[in-house]
Amino acid sequence: MKKTLTRVLFSSVILISCLQLGFTNAPQGRFYMVPNQYLAMIQGRSLALAPLAVTPGFSLLRLTPEEVQSLSEEIHHRVGICGGFSDIQVQAEQRGMTLAQALEWQAHGPSIISRFEPRAPQYPNEVKRMLSGLSADRWAQTLNGIIANFEDRSAYTESGKKFSLWLGQFAQQLGAQVGRNDIQVINIPTGGGYKQDSVVIRLPGADPKEPGVLLGGHMDTFEKKPGADDDGSGTTTVLELLTATVSSGLKFKRDIYFAFYAAEERGLVGSQRVVKEFEARRITLKGVLQYDMTGFDSPRDPQELFLITDNVNPDLTRFLSVLAQKYLGITPDRIGQTSCGYACSDHASWHRAGYPAAFPFEASFNNMNRTLHTDRDVMANISVPHAMKFVALGAAFIVELGDPIGQVRPLTWN
Ligand code: BES
Ligand code: ZN
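Since the model is a prediction, treat every value here as computed from it, not as a measurement.

A. A look at the overall build of the protein chain. Check the secondary structure of the protein chain and you find 13 helices and 15 strands. A buried classification covers 54% of the 414 residues belonging to the protein chain. Relative to all contacts within the protein chain whose residues are 6 or more apart in sequence, the contacts with residues 24 or more apart total 80%. Accessible area for the protein chain stands at about 18500 Å²; split by element, carbon and sulfur atoms hold 52% of it.

Right, here's the structure in full:
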């Protein structure tokens, strides 16, 4: 009796943790996709299941709740993990696809790379090289320059459009300065009557087939200007990381992308277009980092930085915490957690599409910069040293996820 109860409890835990089931009571069951390798392990032994369609990686099956239960148990029993099978019907319904399209998307699309495999930091010498090339003065100058030249960066205005063009020119000039001609500027139209397009800068890695690494922030301001913190701070942070990465001379195995999203303030419009473009080009990413407000150092928060916990990948977020401890020397008690409670910024666009995303933030949600969206969101409220912690965290993120190639000698003081 006790054993049966344990088994029932265990099974339901498996089911809850392995599948987010949206059961209907259709007697013939719902559509699922199951990795072929796991199906092969159990086929003919305890279960006989006939796939309706087979792709190179996955099979489409129609399963009753009982079959789902047995399958989940079997995979868990034999493989020891949740087996990565999912209710494709929910996805098809949510994404407005046919089942065949959803299967194809699931087999090749980003949901199978949405996991982030926890790893330990491996490249201290290369991270230190990057950190040594960061400049707080340059960060402050860049943000001051943005505010002076593009006070209004609205997605609706000519000035907002000019800012988008300027970001592309910035990357081109940087490449010219260091003699690199492989830096790619990709403009991604926002459409919908917006004047401003998103800009993605790509630094090609040695193996472009490997999943890439992306850091981004939104380029646009809301109704009021100059948006020093929201999101001049994030835009400047991404520019500083682009500059430091290119200037470091480091080479990476993976493509590194720097994204500037248009029209975030209009409902994450630009980032959704960017994500669609990545999906269409079947570009996979190991991790996505969002920067939206990094410049306000709240006197009410004893913590040094915060990690947003909703609409993010928890493993990637934990990895950020590890990086902050190792490379910024921040103790765990000074790393806070906070949540928006809604899709508050562009990380949500990536997260919804199945890409692993993380979002380090300036303060706890309750204590964040209250001047956002007002004409008081100005430089005077910005702490450059505070913002530089987020830059440093991004530098560690790029190096540790980008997989540098070639040897770098430890930095010495003589
Ligand atoms: N930077 C803000 C929002 C924000 C607030 C991010 C707190 C992180 C923590 C962002 O630009 C914004 O205003 N977002 C909108 C939602 C968006 C979908 C239009 C918001 O929060 O209302
Ligand atoms: Zn913002």
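On we go from here.
B. Broad picture of the state of the cysteines. Evaluated as defined, the whole model comprises 1 disulfide. Bridging Cys-340 to Cys-344, the disulfide has an S-S length of 2.2 Å. In this structure the cystine formed by Cys-340 and Cys-344 twists about its S-S bond by roughly 65 degrees; its chirality is therefore right-handed. In terms of burial, Cys-340 and Cys-344 fall into one category: buried.

C. Looking closely at the site of ligand 1. In the region of ligand 1, 18 residues are neighbours, and Glu-264, Glu-265, Asp-292, Tyr-342 and His-373 sit closest. At a separation of 3.2 Å, an oxygen atom of ligand 1 approaches a polar side-chain atom of His-218. A distance of 2.9 Å separates an oxygen atom of ligand 1 from a polar side-chain atom of His-373. With the chains in place, 84% of the 510 Å² that ligand 1 exposes on its own is no longer accessible. Class assignment of the residues belonging to the shell around ligand 1 gives a composition of 11 nonpolar, 3 polar and 4 charged.

D. Broad picture of unusual backbone geometry. A cis amide bond, omega 10 degrees, links Lys-225 with the succeeding residue Pro-226. The topology assignment puts Pro-226 in the loop between strand 7 (212–218) and helix 9 (228–248). Residue Asp-230 is joined to Asp-231 through a cis peptide bond whose omega torsion reads 0 degrees. Here Asp-231 shows up in helix 9. Look at His-373: it is not a glycine, yet its phi comes out positive at around 70 degrees. One can find His-373 in the loop between strand 14 (360–361) and helix 13 (384–402). With a relative accessible area of 32%, His-373 lands in the partly exposed category. Of note, the phi angle at Asp-403 is positive, near 55 degrees, even though the residue is not glycine. Looking at where Asp-403 falls in the secondary structure, it is placed in the loop between helix 13 and strand 15 (404–405). Looking at Asp-403, the relative accessible area reads 6%, which means it is buried.

E. View of the sheet that holds strand 12 (residues 335–338). With respect to topology, 3 strands assemble into an open sheet ordered 12-11-14, the strand pairing being mixed. Among the strands making up the open sheet, the edge pair consists of strand 12 and strand 14. Direction of pairing for strand 11 (residues 305–308) relative to strand 12: parallel, over a ladder of 4 bridges. Note that in strand 12 the partner of Leu-307 across the bridge is Gln-337. This element, helix 11 (residues 314–328), spans strand 11, strand 12 and strand 14 of the sheet and lies at about 165 degrees to strand 11.

What counts, and where the lines are drawn
Residues numbered from 1 in each chain as written. Chains lettered and ligands numbered in written order. Predicted model: local features only at pLDDT ≥ 70, side-chain atom pairs only at ≥ 80, totals over all residues. Heavy atoms only, no water. Helix = DSSP H or I, 4+ residues; strand = E, 2+ residues; numbered from the N terminus. Buried < 20%, exposed > 50% of the residue type's maximum accessible area, 1.4 Å probe, protein only. Contact = heavy atoms within 4.5 Å. Areas by Shrake-Rupley, 256 points an atom, 1.4 Å probe, with all protein chains shown as cover. Disulfide = S-S within 2.5 Å. Near = heavy atom within 4 Å. Polar contact = N/O pair within 3.5 Å; in protein donor to acceptor, adjacent residues only side chain to side chain. Nonpolar A, V, L, I, M, F, W, Y, C, P; charged D, E, K, R; others polar. Pairing = 2+ DSSP bridges. Axes fitted to C-alpha atoms, helices over the stretch in contact; angles between N-to-C directions.

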